[in-house]
Amino acid sequence: MGGEVPEPRRLNRALSFDDWVPDEALHLVMGHVEDPRDREAASRVCRRWHRIDALTRKHVTVAFCYAARPARLRERFPRLESLSLKGKPRAAMYGLIPDDWGAYAAPWIDELAAPLECLKALHLRRMTVTDADIAALVRARGHMLQELKLDKCIGFSTDALRLVARSCRSLRTLFLEECHITDKGGEWLHELAVNNSVLVTLNFYMTELKVAPADLELLAKNCKSLISLKMSECDLSDLISFFQTANALQDFAGGAFYEVGELTKYEKVKFPPRLCFLGLTYMGTNEMPVIFPFSMKLKKLDLQYTFLTTEDHCQIIAKCPNLLILEVRNVIGDRGLEVVGDTCKKLRRLRIERGDDDPGLQEEQGGVSQLGLTAVAVGCRELEYIAAYVSDITNGALESIGTFCKNLYDFRLVLLDRERQVTDLPLDNGVCALLRNCTKLRRFALYLRPGGLSDDGLSYIGQYSGNIQYMLLGNVGESDHGLIRFAVGCTNLQKLELRSCCFSERALSLAVLQMPSLRYIWVQGYRASQTGLDLLLMARPFWNIEFTPPSPESFNHMTEDGEPCVDSHAQVLAYYSLAGRRSDCPQWVIPLHPA
Amino acid sequence: MAAAGSSSRFAVTCGLLSQYMRERQQPQPPVTVLEAVAEEEEEEDARTMQLFPPRAAAADGVATPSAGTAPLTIFYDGRMVVVDDVPAEKAAELMRLAGSACSPPQPAHAAALPEMPIARKASLQRFLQKRKHRITTTSEPYKKAAVASPAPEKSFAVAPVKDEPATWLGL
């Protein structure tokens with residue numbers, strides 16, 4: 001809904017409309033307003049609009065589960081059909097938050113599952129979900145549940161999945177990507193295949209679940225509309241019958257090439273005719289040709305979990321001119337990115353993850369620099385999303401991105417710390433040019449190294465990031481003054497993450513108070529005071545502050561994999577909340593405010 | 001991808017409408033998100049349409065909420081910062097804050113930041129561990145392939161190794 005805003009005197013007419021139009025009509029009109037920001041604005045017009053919005057709102061996203069009370073949500077939106085809840089800070093995806101931090105689904109499911117009679121879609125991200133929670137959900141909503149997304153969640157087992165599979169016969173989407181699930185056997189998939197005939201999306205990618213290929217084949221047989229399957233590891237040669245059966249499949253990721261260098265074994269794998277989104281785990285040089293016959297059709301290629309070399313990347317990408325999404329590790333190298341720039345003219349999203357740093361396992365010719373990024377910027381003008389771990393970068397490369405990628409919506413850059421020498425620091429001017437030119441940018445992440453961005457650069461970010469809502473900054477700035485100058489410019493910033501910066505508690509507090517839209521800030525690595533008292537300078541009504549000291553206790557905390565949480569630096573999390581102080585803090589988190 | 005962030009025309013109009021409503025109903029306190037639900041019942045007031053509302057251009061003030069902006073100079077921790085175009089209310093707030101907290105600045109030596117490694121995505125971390133395991137247990141297919149020969153040779157595959165226990169495959 002773009003265009004000009006009407007003149008104020010025309011509001012009169014708009015409101016006369018409001019006065020005589022019956023509720024029913026307003027209900028109908030409101031039903032066509034879908035954008036959550038539009039909804040929010042409409043709900044604030046007057047009490048009548050607020051009430052009608054509340055009764056007609058079908059979807060709500062709670063961006064942080066401690067920001068509101070479940071009871072409040074139920075009261076306000078009794079006819080909700082779909083709910084998304086986000087839990088732990090993003091740092092949890094990087095192993096920086098111990099598993100017992102919180103973000104429990106239980107209070108939400110207990111409060112909402114039964115009363116929200118229209119609820120048919122639930123999406124939980126980075127939350128702790130138990131078997132009992134899932135059982136309660138299934139009891140109350142199972143008969144009509146169409147979508148269950150547990151995204152990077154922990155705490156449940158395949159027992160709960162069995163229950164879902166048995167009871168939720170309308171389920172269209174079951175999403176479990178990157179969840180830590182206790183595996184008590186593959187029966188859940190068998191049950192799903194037997195009981196469900198309408199499944200469209202099944203995702204247990206990047207989980208450790210073991211399933212039987214025969215059950216997948218049965219699933220494909222019974223669910224004719226299965227369009228997307230992303231799965232854990234399973235040898236591809238065992239999936240031949242599944243692929244023969246799953247005719248509607250467009251999206252496949254996972255599987256595995258367990259036999260190294262055995263193309264003959266995998267030559268018999270024939271992918272379904274409509275497949276255009278693909279990611280094959282452990283694919284190596286020898287197996288790569290399985291993709292060639294249909295590479296022209298591919299729209300998405302995920303090579304993050306493959307064994308391909310730089311040269312392989314060049315070969316394979318040259319055969320994929322229709323890619324919209326490409327995800328790789330930095331082994332792609334500048335050479336690979338040049339091929340991307342030459343070939344993938346429609347590319348929208350590019351993600352370049354970080355490969356191995358171990359010198360013994362270093363990836364040949366890997367590493368991405370200003371050369372590769374510039375080639376991509378010049379070649380792929382449709383890019384909306386770039387996330388890259390680079391070994392080197394220049395102001396010029398950032399300027400090129402600003403010049404050519406006008407549609408950029410989300411830009412994330414991490415400068416790796418392995419290379420001693422970086423060509424062109426600080427990046428003040430490049431960052432400035434990128435922000436000034438990419439006016440559609442809404443998310444921005446910049447993780448550099450000391451000296452990578454001066455206080456001036458930081459103030460440019462504030463000055464030219466008027467539309468940005470989410471930002472992650474790491475190792476930027478030189479002093480508190482930089483942070484304050486940054487903060488004064490950030491009018492629309494809602495969520496900020498800072499890591500490894502030199503700012504004092506006092507400056508953090510002052511900065512928070514300068515950002516009118518800020519509702520969430522997470523900080524790790526700052527100049528902590530002895531007492532932490534300066535953090536209280538940011539205290540105000542409805543603003544919760546939680547402090548995690550770098551105690552030896554947190555050293556002993558383990559993630560679900562049994563990996564120790566290596567990181568023991570203090571963390572600060574502060575957020576707007578209508579729910580008051582949270583009551584389920586683990587002992588090692590100190591709620592500073594409200595006291 | 002939906003255009004996020006900058007308000008849509010619809011949202012902006014709603015903002016103006018809301019402003020307008022408030023001005024029309026001067027005596028009533030503005031609806032806030034917090035109290036709106038509690039007060040829902042009493043909403044059914046018979047609102048009559050005012051043909052000549054007291055302030056037809058009620059929303060005129062929206063665009064310029066503050067009196068004006070001016071450069072702000074901050075002296076802080078022995079240094080000076082100049083920030084352009086600071087609204088008066090923001091400056092006042094800053095000054096109030098600065099006044100309310102006069103603890104001496106932290107000595108610089110307390111500032112030494114411990115080194116923090118760049119964190120890695122958990123899923124990738126797991127993959128790289130498996131990859132490492134695979135490289136060290138197989139005949140290093142990855143490195144050999146990387147050496148140069150783009151044409152794969154079958155001989156690499158003499159000893160295929162499953163790096164996962166295959167027990168479940170028989171299910």
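What counts and what doesn't
Residues numbered from 1 in each chain as written. Chains lettered and ligands numbered in written order. Predicted model: local features only at pLDDT ≥ 70, side-chain atom pairs only at ≥ 80, totals over all residues. Heavy atoms only, no water. UniProt positions renumbered as here; feature names shortened; annotations may be inferred. Phe/Tyr/Trp six-rings, centres within 6.5 Å; stacked < 30°, edge-to-face > 60°. Helix = DSSP H or I, 4+ residues; strand = E, 2+ residues; numbered from the N terminus. Buried < 20%, exposed > 50% of the residue type's maximum accessible area, 1.4 Å probe, protein only. Lys NZ or Arg CZ within 6 Å of the ring centre and 35° of its normal. Patch = residues over 30% accessible without salt bridge, like charges linked within 9 Å, V, L, I, M, F, W, Y side chains within 5 Å. Areas by Shrake-Rupley, 256 points an atom, 1.4 Å probe, with all protein chains shown as cover. Salt bridge = Lys/Arg side-chain N within 4 Å of Asp/Glu carboxyl O. Core = buried A, V, L, I, M, F, W, Y, C linked by side-chain atoms within 4.5 Å. Contact = heavy atoms within 4.5 Å. Axes fitted to C-alpha atoms, helices over the stretch in contact; angles between N-to-C directions. Parallel < 35°, antiparallel > 145°, perpendicular 65-115°, else oblique. Nonpolar A, V, L, I, M, F, W, Y, C, P; charged D, E, K, R; others polar. Expected span 1.5 Å × (residues − 1). Right-handed = clockwise from strand over helix to strand, strands pointing away.

Identification of chain B as Protein TIFY 11d from Oryza sativa subsp. indica is taken from UniProt. On record in UniProt, under Subcellular location, the comment for chain B is "Nucleus". The Sequence similarities comment attached to chain B in UniProt states, word for word, "Belongs to the TIFY/JAZ family."

The name UniProt gives chain A is Coronatine-insensitive protein homolog 1a, with Oryza sativa subsp. japonica as the organism. Per UniProt, the comment on chain A under Subunit (literature references left out) is "Interacts with TIFY6A/JAZ3, TIFY6B/JAZ4 and TIFY11D/JAZ12 in a coronatine-dependent manner. Interacts with TIFY9/JAZ5, TIFY10A/JAZ6, TIFY10B/JAZ7 and TIFY11C/JAZ11 in a coronatine-dependent manner. Interacts with TIFY11A/JAZ9 in a coronatine-dependent manner."

**Regarding the packing of aromatic side chains**
Working definition: an aromatic ring pair is given by the centre-to-centre distance plus the angle between the planes. Applying the stated criterion across every chain, the model contains 19 aromatic pairs over all chains. Relative to Phe 127 of chain B, the ring of Tyr 282 of chain A lies with its centre 6.1 Å away and its plane at 25°, an arrangement referred to as stacked. You can see Tyr 282 of chain A sitting in the loop between strand S11 (277–280) and strand S12 (300–302) and its partner Phe 127 of chain B sitting in helix H4 (residues 122–137), one on each of two chains. By the burial criterion, Tyr 282 of chain A is buried, and Phe 127 of chain B matches it. An aromatic cluster is defined as three or more aromatic residues linked by ring pairs; in this entry it consists of Tyr 205, Tyr 258, Tyr 282, Tyr 305 and Phe 307 of chain A together with Phe 127 of chain B. When the ring centre of Phe 292 of chain A is taken as reference, the NZ or CZ atom of Lys 319 of chain A above it lies at 4.7 Å.

**Focus: a nonpolar patch on the surface**
All names here are of chain A. A contiguous nonpolar surface patch, about 270 Å² in accessible area, is contributed by Phe 542, Tyr 576 and Leu 578. As for its placement among the helices and strands, Phe 542 is situated in the loop between strand S20 (520–524) and strand S21 (543–548). Residue Phe 542 is classed as partly exposed on the basis of its relative accessible area of 44%.

**A few points about unusual backbone geometry**
Residues and elements named next belong to chain A. Cis geometry marks the peptide bond from Leu 425 to Pro 426; its omega dihedral reads 0°. One can find Pro 426 in the loop between strand S16 (410–415) and helix H17 (428–437). Of note, the bond from His 593 into Pro 594 is cis; its omega dihedral lies within 30 degrees of zero at -5°. For Pro 594, the location among the structural elements is in the segment after strand S23 (590–593). One non-glycine residue, Ala 103, lies in positive phi territory at about 60°. Phi is positive for Asn 475, close to 50°, though the residue is something other than glycine.

**A look at the nonpolar core**
Membership of the largest hydrophobic core comes to 190 residues, with the highest contact counts inside it found for Phe 252, Phe 444, Ile 461, Leu 473 and Phe 486 of chain A. In this view, Phe 486 of chain A contacts Leu 458, Ser 459, Ile 461, Gly 462, Met 471, Leu 473, Leu 493, Leu 496 and Met 515 of chain A; residues no more than four positions away in its chain are not counted. In terms of nonpolar packing, the next biggest core, distinct from the first, is built from twelve residues, Cys 46 of chain A together with Ala 11, Cys 14 and Leu 17 of chain B among them.

**Some remarks on the packing of helix H13 (residues 310–318) of chain A against helix H14 (residues 333–343) of chain A**
Residues and elements named next belong to chain A. Running from N to C, H13 and H14 point in directions that differ by 5°, and their axes come no closer than 8 Å. Relative to H14, H13 is oriented roughly parallel. Residues Thr 310, Glu 311, Cys 314, Ile 317 and Ala 318 of H13 touch H14, and the partners they reach there are Gly 333, Arg 335, Gly 336, Val 339, Val 340 and Thr 343. Of the residues assigned to the contact of H13 with H14, the class counts are five nonpolar, four polar and two charged.

**Section: H4 of chain B**
With 16 residues, H4 of chain B extends 23 Å from end C-alpha to end C-alpha; this agrees with the ideal 22 Å at 1.5 Å per step. Within H4 of chain B the residues assigned to the buried category are Ser 123, Leu 124, Arg 126, Phe 127, Leu 128, Lys 130, Arg 131, Arg 134 and Ile 135 of chain B.

**Describing the pairing of strand S1 (residues 59–62) of chain A**
Residue alternation in S1 of chain A divides its side chains into a buried set, Val 60 and Val 62 of chain A, and an unburied set, His 59 and Thr 61 of chain A. At this point the chain moves from S1 of chain A, through helix H5 (residues 70–76) of chain A, to the parallel strand S2 (residues 82–86) of chain A, and the crossover so formed is right-handed.

**A word on the UniProt feature "binding site: jasmonate" in chain A**
The positions that UniProt labels "binding site: jasmonate" are, in the present scheme, Arg 90, Arg 351, Tyr 389, Arg 412 and Arg 499 of chain A. Residue position: Tyr 389 of chain A is located in strand S15 (residues 385–390). Apart from residues lying up to four places away in sequence, Tyr 389 of chain A is in contact with Tyr 94, Asn 330, Ile 352, Glu 353, Arg 354, Val 368, Val 414 and Leu 416 of chain A together with Ile 118 and Ala 119 of chain B. Along the chain, the position of Arg 412 of chain A falls in strand S16. The residues touching Arg 412 of chain A, leaving out its near neighbours within four places in the chain, are Arg 90, Tyr 385, Ile 386, Ala 387, Ala 388, Arg 443, Ala 445 and Tyr 470 of chain A.

**Observations regarding the UniProt feature "short sequence motif: Nuclear localization signal" in chain B**
Within this structure's numbering, the places UniProt gives as "short sequence motif: Nuclear localization signal" are residues 119–126 of chain B. Taken end to end, residues 119–126 of chain B is 62% helix and 0% strand, and its first and last C-alpha atoms sit 13 Å apart.

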